Structures are given as C-alpha cells and as structure tokens.
Amino acid sequence: MDVEGNLLDSNKIFKETVEGVETASLSSYLSESSCRDFARTMDELLSCPKEKQHLLLELRGGRSNPKVWIEFSVITNLDMDLLGVVGIGIDFQFLKQEIPLDNLCDILGLPSILLDENFFVIEVEDVVRNWLGIDLDEFSDKRIFDSELGLEIVTNTSWRSLSLSHESSQFLPLKDSKLGHEFTGLLVRHKKGYQLFFLPKMKEPFSLQTTKPFSETQLTAIPGSVWVVDSDMNLIQQNNAGKVLSESWSGSKFQEGSKLQFTSDSSRFTQLKENVRKCLLKGSSSEIELNLKLNEEEFGFWKVNVKPVLNPNGDRVAALIQAIDISAWGNKLVEIQHENKKLKELALKPSHVLRSPLSSMLGLLDLIDPHQLDIENQKYFSYLKPLAKELDDVIRTNAKNMSVFD
C-alpha cells in the first residue's frame with residue numbers, strides 16, 4: 001500500500017479471498033469495526049516507522065467475512081522518507097485448525113496469562129502486567145477475574161460458566177475496570193489449565209484535553225524537553241522542546257496519542273524504556289545520562305529523569321520524562337579528554353624519537369677503542385659514554401612516569 005492505505009499490489013491469495021471487490025483503498029475490503037482499527041494502526045505506523053503493528057482484520061469478499069491476522073511494516077529509504085506499507089497476513093481459521101492453540105503466542109506474538117483449572121494465575125507476562133498496571137506479586141493466589149485485579153468480562157458471561165474442551169477456544173471481550181482499557185481475550189485450553197491471550201482493543205480517537213495532567217503553563221515551566229506518557233506508553237503531552245528533540249532521537253516527531261517509541265538501537269535507549277516501564281508499573285523514579293552522535297564531529301548529551309505523575313488523590317496516572325541538555329558540558333569533557341590524549345602523545349613521542357638514535361650512539365661508543373686515542377681525546381671520550389647513559393636513563397624514567405596515565 002501507499003501511505004494513504006491504497007493498494008498498490010497484492011498476491012493471488014488476497015485477491016481470491018476478497019473476490020468480487022474492486023477498489024483501490026484497503027478500507028473498502030474491511031468490515032466497519034476493522035476499518036476503524038485499521039485507520040488507528042496506520043496512524044501508529046506512520047508516527048513510529050520502525051515499529052511493526054499486528055492487527056486482526058475482518059475482510060469482506062468471496063466468502064463469509066474471513067478474519068486475517070496481519071503484520072504491517074513501513075518501508076522507508078535511507079533518509080527515513082516513507083515509501084509505503086507492506087502487510088503480511090495469515091487466515092486466523094487456518095491458525096486455529098492447523099496449529100495447536102497453546103502455540104498461538106509463538107505464532108502471533110500475543111502476550112498471555114497462564115491459568116490453572118480454577119482460573120488461578122500461574123504465570124503472567126510483563127506486557128500484560130504493564131497493561132493492567134499490576135505488579136507480579138499482586139497476582140499471587142488470585143483468580144484472573146477476582147475483583148482485586150479489576151479484569152472483567154464485558155458480556156454477561158460468568159467465568160464460572162467457562163468450560164472448554166481441548167480443541168475449543170472462546171473469544172472474550174474484556175475490560176480493566178481500574179484503568180478503563182479494553183481487550184479482546186482468546187481463552188484456549190492448556191495442559192496446565194487455560195491460557196488467556198490478550199489483544200488491546202483499538203480505541204476511538206480520544207480527547208487529549210481531558211487526560212492531560214499538566215496545563216500548558218505548567219508544562220512550559222518545566223525545564224528541558226518533556227514528554228508525559230500513560231500506562232500504555234501512549235504520549236499524552238509534550239512541550240515544544242520535546243517535539244524538537246524527538247526528531248533527533250527517533251527520526252520523526254512524536255505524535256500525541258501514539259506510542260512513545262525510540263528507533264535507535266542504543267542500549268541507553270533500552271535502559272530509558274525500561275526505566276519508564278518501571279515508573280509506570282511501580283512508581284519508581286530514575287536518572288540516566290544519554291549521548292547520541294549528531295554528526296561526524298559532535299555529540300549530544302542529556303540527563304534524563306523519569307518520575308511518576310500523581311493525581312490529587314495520590315494515584316499514579318502517568319510518567320514524566322524530562323531530558324536536560326548537557327551537551328555543552330559533555331562536549332567540553334570530550335574536548336578535554338581529546339586534548340589530554342594529544343598531550344600524552346606529545347609527551348611520549350620524544351621517548352620514541354630520541355631513544356632510537358641514542359641507542360645507535362651507545363652502540364658506536366662501544367665500538368671505539370679509547371686506547372687508540374691520544375691522552376686529550378681519551379679524556380673527552382670518557383665523558384661521552386656516562387652522559388649518553390644518563391640521557392638514556394632520563395628518557396626511560398620519563399616514559400615510565402607517563403605510562404601511569406594509560
């Protein structure tokens with residue numbers, strides 16, 4: 001597709017699946033609910049070009065509304081200009097029939113919770129914990145649908161009535177009553193009991209005005225580049241400096257309402273994302289230093305603070321990321337280190353330059369027979385060798401003293 005979602009090409013399987021539909025826009029091939037999800041996914045893709053998006057879409061066409069699991073990726077050139085979007089899809093019915101249901105997590109990349117026969121939590125993945133805003137120890141000795149965890153089945157279905165055979169599965173509309181997040185749950189049988197897979201439901205565009213924890217005046221008063229993210233890592237707010245810096249860090253400006261993503265593979269960015277995750281999950285504050293090569297001769301340096309944002313009731317509602325530019329200090333430090341290296345080279349260079357001819361001189365002095373010289377020259381010759389050895393000792397001592405700076 002192009003970046004507008006218009007089809008440029010498709011393979012035979014897709015054309016057979018949507019037989020009878022002739023249009024340029026992919027949205028025309030989708031059900032109404034899938035159209036909304038697809039539009040939201042396209043926004044996510046274009047705001048974070050290096051982040052892949054997975055989506056379960058319902059197609060209209062030759063047979064009755066087939067569901068296809070699609071992975072979307074953005075194509076860019078070396079200058080990060082957007083060229084188009086590629087989607088690779090697998091028929092969901094095929095997955096259910098041909099692949100054991102307890103392996104869906106490996107195939108689709110869906111995070112899950114492992115439950116026993118009585119729906120008590122056995123294992124829970126970090127992604128799900130982040131979505132629900134619950135620490136690991138809080139799941140201990142609890143059923144997944146206990147009121148303390150806040151996860152509810154939206155329909156009138158009771159978890160007590162859920163009973164699946166080995167080959168069956170059931171879709172469950174789920175809602176987190178604490179945070180208001182909605183999910184599509186897929187409950188399947190597992191050898192230990194059940195496995196509940198989670199897929200976040202695409203939300204309708206929301207009004208950021210009602211969710212912003214800071215006024216524009218407050219945000220402007222905070223020094224440095226600032227971003228505020230919610231428990232889903234969606235960007236709620238940012239100041240002007242944050243918009244500018246995000247382009248340096250990520251290749252494109254962060255968009256409010258989309259997920260906060262860093263395209264750099266730097267381990268420092270990995271640490272930053274982990275600090276944000278811990279802040280959102282546990283409310284912990286942190287500080288790290290980041291550096292990024294801006295061009296062939298210049299580096300950028302930032303001190304990045306991550307702090308929890310609390311509402312008037314003391315509840316944790318977001319994380320604040322504050323990047324203070326310390327490039328002047330950082331580049332000065334790099335300059336001093338560079339100068340020190342040059343000074344060391346200059347200090348060590350005489351040792352290498354002088355020792356070679358001096359060694360030759362000492363060798364020649366050993367070859368001269370002082371007895372073949374007259375008395376006057378023997379006296380002068382007797383001064384030469386001690387002086388040469390003394391100079392050799394001075395050079396060696398200087399080189400030894402400089403070696404402590406390695």
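Criteria and cut-off values
- Residues numbered from 1 in each chain as written.
- Predicted model: local features only at pLDDT ≥ 70, side-chain atom pairs only at ≥ 80, totals over all residues.
- Heavy atoms only, no water.
- Helix = DSSP H or I, 4+ residues; strand = E, 2+ residues; numbered from the N terminus.
- Buried < 20%, exposed > 50% of the residue type's maximum accessible area, 1.4 Å probe, protein only.
- Contact = heavy atoms within 4.5 Å.
- Pairing = 2+ DSSP bridges.
- Axes fitted to C-alpha atoms, helices over the stretch in contact; angles between N-to-C directions.
- Polar contact = N/O pair within 3.5 Å; in protein donor to acceptor, adjacent residues only side chain to side chain.
- Core = buried A, V, L, I, M, F, W, Y, C linked by side-chain atoms within 4.5 Å.
- Phe/Tyr/Trp six-rings, centres within 6.5 Å; stacked < 30°, edge-to-face > 60°.
- pLDDT = per-residue confidence, 0-100.
- Arc of directions from axis to C-beta.
- Expected span 1.5 Å × (residues − 1).

Whenever I open this one, the overall build of the protein confuses me. Can you help?
The secondary structure content of the protein amounts to 10 helices and 14 strands. Counting over 406 residues, the protein shows a buried share of 38%. Counting only contacts in the protein whose residues sit at least 6 apart along the sequence, the fraction spanning at least 24 positions is 47%.

Looking at this structure, how should I read the side chain of Ser34?
In this fold, Ser34 is placed in helix α2 (residues 32-47). Overall, Ser34 belongs to the buried group, its relative accessible area being 4%. Beyond its immediate stretch of four places on either side in the chain, Ser34 contacts Leu56, Leu57 and Glu58.

When you look at the sheet that holds strand β7 (residues 169-176) in this model, what are you seeing that I'm missing?
Sheet strands pair via backbone hydrogen bonds, and the direction of the pair is either parallel or antiparallel. Pairing in this open sheet of 6 strands is antiparallel, and the strands run β5-β4-β9-β8-β7-β6 from one edge to the other. Only two strands of the sheet have a single partner each, and these edge strands are β5 (121-124) and β6 (151-153). The mean inter-strand angle of the sheet, taken between neighbouring strand axes irrespective of direction, is 30°. Note that β6 and β7 share 3 bridges and pair antiparallel. From the neighbouring strand, Ile153 faces β7, where its bridge partner is Leu174.

What is the right way to read the side chain of Gln237 from this model?
Mapping Gln237 onto the fold places it in strand β11 (residues 235-238). Overall, Gln237 belongs to the buried group, its relative accessible area being 1%. Engagement of the side chain of Gln237 in a polar contact is seen with the backbone oxygen of Phe214, the distance being 2.7 Å. Look past the residues within four positions of Gln237 in its chain and what remains in contact with it is Lys212, Pro213, Phe214, Glu216, Leu219, Val226, Trp227, Val228 and Glu256.

Quick question: what am I supposed to make of the nonpolar core here?
Soluble globular proteins: nonpolar side chains tend toward being buried together. If you look at the biggest cluster of nonpolar residues, it comprises 25 residues, and the most contacted ones within it are Ile113, Phe119, Ile144, Phe145, Leu174, Leu196 and Phe198. Contributions of two or more residues to this core are made by β4 (112-115), β5, α5 (126-132), β6, β7, β8 (182-190) and β9 (193-200). What Ile113 contacts, discounting residues up to four positions off in sequence, is Val121, Glu123, Val124, Val128, Phe139, Ile144, Tyr194, Gln195, Leu196 and Phe198. Listed in part, the 22 residues of the second largest apolar core include Met233, Phe254, Val276 and Leu292.

Even after reading the chapter, I still don't get the packing of aromatic side chains, so can you show me in this structure?
The geometry of an aromatic ring pair comes down to the distance between the two centres and the angle between the two planes. Tallied over the full model, the rule gives 6 aromatic pairs. On the numbers, 6.5 Å between centres and 50° between planes, the contact of Phe119 with Phe145 is tilted. Of the two residues, Phe119 sits in the loop between β4 and β5 while Phe145 sits in the loop between α5 and β6, which places them 26 residues apart along the sequence. Residue Phe119 shares its accessibility class with Phe145, and that shared class is buried. Centroid distance Phe119 to Tyr194: 4.7 Å. Interplanar angle 10°. Geometry classified as stacked.

Can you walk me through the confidence of the model for the protein in this structure?
Detailed reading of the predicted coordinates is not advisable wherever pLDDT is low. Overall, the prediction assigns the protein a mean pLDDT of 79, with 83% of residues at 70 or greater. Averaged pLDDT values over the elements of the protein bottom out at 56 in helix α4 (residues 104-108) and peak at 92 in strand β10 (residues 225-229). Contacts of residues 203-210 to residues separated by more than four positions or lying in other chains number 12 contacts, the stretch itself having pLDDT below 50.

Mind showing me how you'd approach the pairing of β8 here?
Burial of β8 is extensive: 7 of the 9 residues sit out of reach of the surface. Relative to β9, β8 runs antiparallel, the two sharing 8 bridges. Note on β9: the bridge partner recorded for Val188 is Gln195. Counted along the chain from β8 to the antiparallel partner β9, the turn is 2 residues long.

Looking at this model, I keep getting lost on the environment of Leu358. Mind explaining?
Mapped onto the elements, Leu358 comes out in helix α9 (residues 327-367). Leu358 sits in the buried class, given a relative accessible area of 4%. C-alpha separation for the pair Leu358 and Ala388, spaced 30 residues apart in sequence, amounts to 7.2 Å. If near-sequence neighbours (up to four positions away) are discounted, Leu358 is found in contact with Ala388, Leu391, Asp392 and Ile395.

I tried to follow unusual backbone geometry on my own but got confused; where do I start?
Only a minority of non-glycine residues have a phi that is not negative, and only a minority of peptide bonds are not trans. One non-glycine residue with positive phi stands out, namely Phe119, at about 70°. A residue is classified by how much of its surface remains accessible, and Phe119, at 3% relative accessible area, is buried. Backbone geometry at Asp141 places phi at a positive 60°, although glycine is not the residue there. Along the chain, Asp141 falls in the loop between α5 and β6.

Would you take a moment to explain helix α7 (residues 240-250) for this structure?
An α-helical segment advances 3.6 residues per turn. Residues three or four places apart therefore align on the same side. Burial in α7 covers these residues: Gly242, Leu245, Ser246, Trp249 and Ser250. Take α7 and look down its axis: the buried residues cluster within an arc of 115°, on one side only. Away from its buried face by more than 90 degrees, α7 exposes Asn240 and Val244.

Just to check I follow, could you spell out α2 for this structure?
Its 16 residues give α2 an end-to-end C-alpha distance of 23 Å, which sits within 8% of 22 Å, the value for a rise of 1.5 Å per residue. For α2, the complete set of buried residues consists of Ser34, Asp37, Phe38, Arg40, Thr41, Met42, Glu44, Leu45 and Ser47. As for α2, its buried residues are in contact with β1 (53-58), β2 (67-76) and β3 (82-91).

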